[in-house]
Amino acid sequence: MRERMTAVRASISDIISGTYGEDNGPHVISPYGVELRRVVLVGFVVSRFSKEASSEGKRFVSITIDDGTDTIRLKVWGDEDTALLDGVKENILALVIGKIRKFEDETYVVPEIVKEITDPNYMGLHLLERYQAILTRSGVTTPEIVEEGQQILSTSTPKRAAVTGITKQILNYIELHANPQGVHMKDIVAFFE
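Calculation notes
Residue numbers here run from 1 along each chain, matching the order of that chain's written sequence. Local features in a predicted model are, by the rule used here, given only for residues with pLDDT of at least 70; side-chain atom pairs are given and counted only at 80 or more, and totals for whole chains, interfaces and linings are based on all residues. Hydrogens and waters are ignored; side-chain quantities use all the structure's heavy atoms. Runs of H or I in DSSP of at least four residues are treated as helices and runs of E of at least two as strands, each being numbered from the N terminus. Burial classes: relative accessible area under 20% of the type maximum marks a residue as buried, over 50% as exposed, and values in between as partly exposed (1.4 Å probe, protein chains only). Only strands joined by at least two bridges in the DSSP assignment are considered to pair. Salt bridge, as applied in this entry: a Lys or Arg side-chain nitrogen positioned within 4 Å of an Asp or Glu carboxyl oxygen.

Some details on unusual backbone geometry
- Positive phi, normally seen in glycine, also occurs at Asn 91, with a value near 65 degrees.
- By secondary structure assignment, the location of Asn 91 is in the loop between helix H2 (79–86) and strand E8 (93–103).
- The backbone of Glu 104 shows a phi angle near 55 degrees, a positive value even though the residue is not glycine.
- For Glu 104, the location among the structural elements is in the loop between E8 and strand E9 (106–117).
- Taking relative accessible area as the criterion, Glu 104 reaches 65% and is therefore assigned exposed.

Printed below as a string of C-alpha cells:
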C-alpha cells in the first residue's frame, strides 16, 4: 500500500502564485521554494456552487475559500465525493486538507477533509505553523548568531524540541520587529536565510 503524502500548511497565495508542475505527480512549487502536493488550508467559505447530475450522471459541488491572501476553489464530482461538501455552509471558517490539481488555467484543490473551525485563534496558529513549514521545507537553516534574547537552536536537540525551538525563534523575531502593520513574511524568511 502506498504511503499517504504529508499535508503541508500553506496559504492560498502560496498555491496561486506558485509554479505548477506534473513531473512525479501534480504539485506546485511555492514562491518560497516549498513543494506543495497535499496541503492544509484555513479560510472562510465565501461561495458555494452545486450542480445536480450531469449528462455523465455525476453530481458536481464546489466551494470557494478565502484566507485573506487569495481565493481558491475546492471541487468534487460524484455522489460519494460530493457528500464531503454537502454540510459545508457559506461564511464559516474551515480547515481543508486536499490535493492540488489544475485544469486548463485554474488551479484548484480536491478536498479530502473539510471541517468547520469554531475557534478564531486557529487562524493565527495555522499561520505560525505555515511559517515553520516554509522555514523547514525550503532548506533555510536557523542562524548560528541570533539577536540578544533569542534562543539558539542546537542541531543535537530531538526533532520535537527542534520544532518548538524554531517556533520560538519565529515568535521572538516577530515580537522584536513588529510594527503596527505587523511583520512581513518575506522579512522573516530573509532573516532566517
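A word on the environment of Leu 171
- In this fold, Leu 171 is placed in helix H4 (residues 159–177).
- Overall, Leu 171 belongs to the partly exposed group, its relative accessible area being 39%.
- Once the C-alpha coordinates of Leu 171 and Leu 128 are considered, the two residues, 43 residues apart in sequence, prove to be 8.2 Å apart.

Description of the sheet that holds strand E2 (residues 19–21)
- With respect to topology, three strands assemble into an open sheet ordered E2-E3-E4, the strand pairing being antiparallel. The two strands at the open ends of the sheet, each matched to only one other strand, are E2 and strand E4 (35–36).
- Pairing of E2 with strand E3 (residues 27–29) involves three bridges; the strand directions are antiparallel. Residue pairing for E3: Gly 21 is matched across the bridge by His 27.

Overview of the pattern of salt bridges
- The final tally for this structure, using the stated rule, is 10 salt bridges.
- The partner of Glu 35 in a salt bridge is Arg 37, and the shortest N-O contact between them spans 3.3 Å.
- A residue is classified by how much of its surface remains accessible, and Glu 35, at 40% relative accessible area, is partly exposed.
- Across the pair Arg 59 and Asp 86 runs a salt bridge, and its minimum N-O distance is 2.7 Å. Of the two residues, Arg 59 sits in the loop between strand E5 (38–51) and strand E6 (60–66) while Asp 86 sits in helix H2, which places them 27 residues apart along the sequence.
- Classification of Arg 59 as buried rests on a relative accessible area of 14%.

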